[in-house]
Amino acid sequence: QQCATYERSAYLNTILVLTPIVLFSAVVADGMQDIVVTGGLGESGRWIIDEFTSNNYQVTSLDQIRPDWGAASTYYDIDFREVDLTNGGEVYEMIHEIDPVAVIHWGAYPSPLQSTGGRVFTNNVESTYYALTAAGQCGADIVLASSEAVYGYAFTDALSMPAEFPITTEEPIRPADAYGLSK
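Residues numbered from 1 in each chain as written. Predicted model: local features only at pLDDT ≥ 70, side-chain atom pairs only at ≥ 80, totals over all residues. Heavy atoms only, no water.

Undergrad: Whenever I open this one, helix α4 (residues 117–138) confuses me. Can you help?
TA: Given 3.6 residues per helical turn, the α-helix brings residues three or four places apart onto the same face. Compared with the 32 Å implied by 1.5 Å per residue over 22 residues, the 32 Å span of α4 between its first and last C-alpha is a close match. For α4, the set of buried residues is V120, N123, N124, S127, T128, A131, A134, A135 and C138. One side of α4 carries all its buried residues, which in axial view fall inside an arc of 145°. Turning to α4, the residues buried within the fold contact α3 (88–98), β5 (102–105), β6 (141–145) and α5 (178–182). Within two residues after α4, G139 carries a phi angle of roughly 75°, on the positive side. (Helix = DSSP H or I, 4+ residues; strand = E, 2+ residues; numbered from the N terminus. Expected span 1.5 Å × (residues − 1). Buried < 20%, exposed > 50% of the residue type's maximum accessible area, 1.4 Å probe, protein only. Arc of directions from axis to C-beta. Contact = heavy atoms within 4.5 Å.)

In structure tokens:
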């Protein structure tokens, strides 16, 4: 299995490293391959879906809600499934039914500011475990979202800065909250 990470800089609010479609171009042949995207209704999840559909992938989005079709009018060719990503049975059933060539796991609580730390941590860790386990059982490749929060920069009041930009994997890992720890 190949596993790649995707990082977004809180300081620049731009995408760094590579996009999931670029990461995947060497792994999956172009053309109507089945891809699962968890968290496809989130900000970056919608962008990921756009990238894969524009490159002729068949995308199924697993999220905690189904979209309002008025707001999702550009996604008529997308198969949206309502799934609780912290329910292993639901995740395994959906991913095994779809049998994708890849799972792009983006589903998470994106901030420690929206819920309690325990809820953010539990949701993010459990959903990652179930999505990656199901993907591995199907032999699917995985693209996984991480965050600059693992280095302690995203949601802290401390005025520390990374040693260099873009942040590299050589940066010491010092999560400052439940979100950073869950990533």
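Undergrad: Would you take a moment to explain the packing of aromatic side chains for this structure?
TA: Both the distance between ring centres and the angle between the ring planes are used here to describe each pair of aromatic rings. Taken as a whole and judged by the stated rule, the model has four aromatic pairs. Between Y92 and Y130, the aromatic rings sit 5.9 Å apart at their centres with planes inclined by 85°, giving edge-to-face as the arrangement. Here Y130 lies in helix α4 and Y92 lies in helix α3, a separation of 38 residues in the sequence. Given a relative accessible area of 24%, Y92 falls into the partly exposed group. Between Y129 and Y130 the ring centres are 5.4 Å apart and the planes differ by 70°, which places this aromatic pair in the edge-to-face class. Three or more aromatic residues joined by ring pairs form one cluster here, namely Y92, Y129 and Y130. (Phe/Tyr/Trp six-rings, centres within 6.5 Å; stacked < 30°, edge-to-face > 60°.)

Undergrad: It is not clear to me how α3 should be interpreted in this structure. Could you clarify?
TA: Burial in α3 covers these residues: G88, V91, M94, I95 and I98. All buried residues of α3 fall inside an arc of 140° around its axis, so they share one side. For α3, the exposed residues lying more than 90 degrees away from the buried face are E93 and E97. Sitting at the amino-terminal end of α3 is N87, which places a side-chain oxygen 3.0 Å from the backbone nitrogen of G89. With its phi angle positive at about 50°, D99 sits one or two positions after the end of α3. (Polar contact = N/O pair within 3.5 Å; in protein donor to acceptor, adjacent residues only side chain to side chain.)

Undergrad: Help me understand the side chain of S127 in this model?
TA: With respect to the helices and strands, S127 occurs in helix α4. Overall, S127 belongs to the buried group, its relative accessible area being 1%. In contact with S127, not counting residues within four places along its chain, are L85, T86, H105 and G107.

Just geometry here; none of it tells us what the structure is for.
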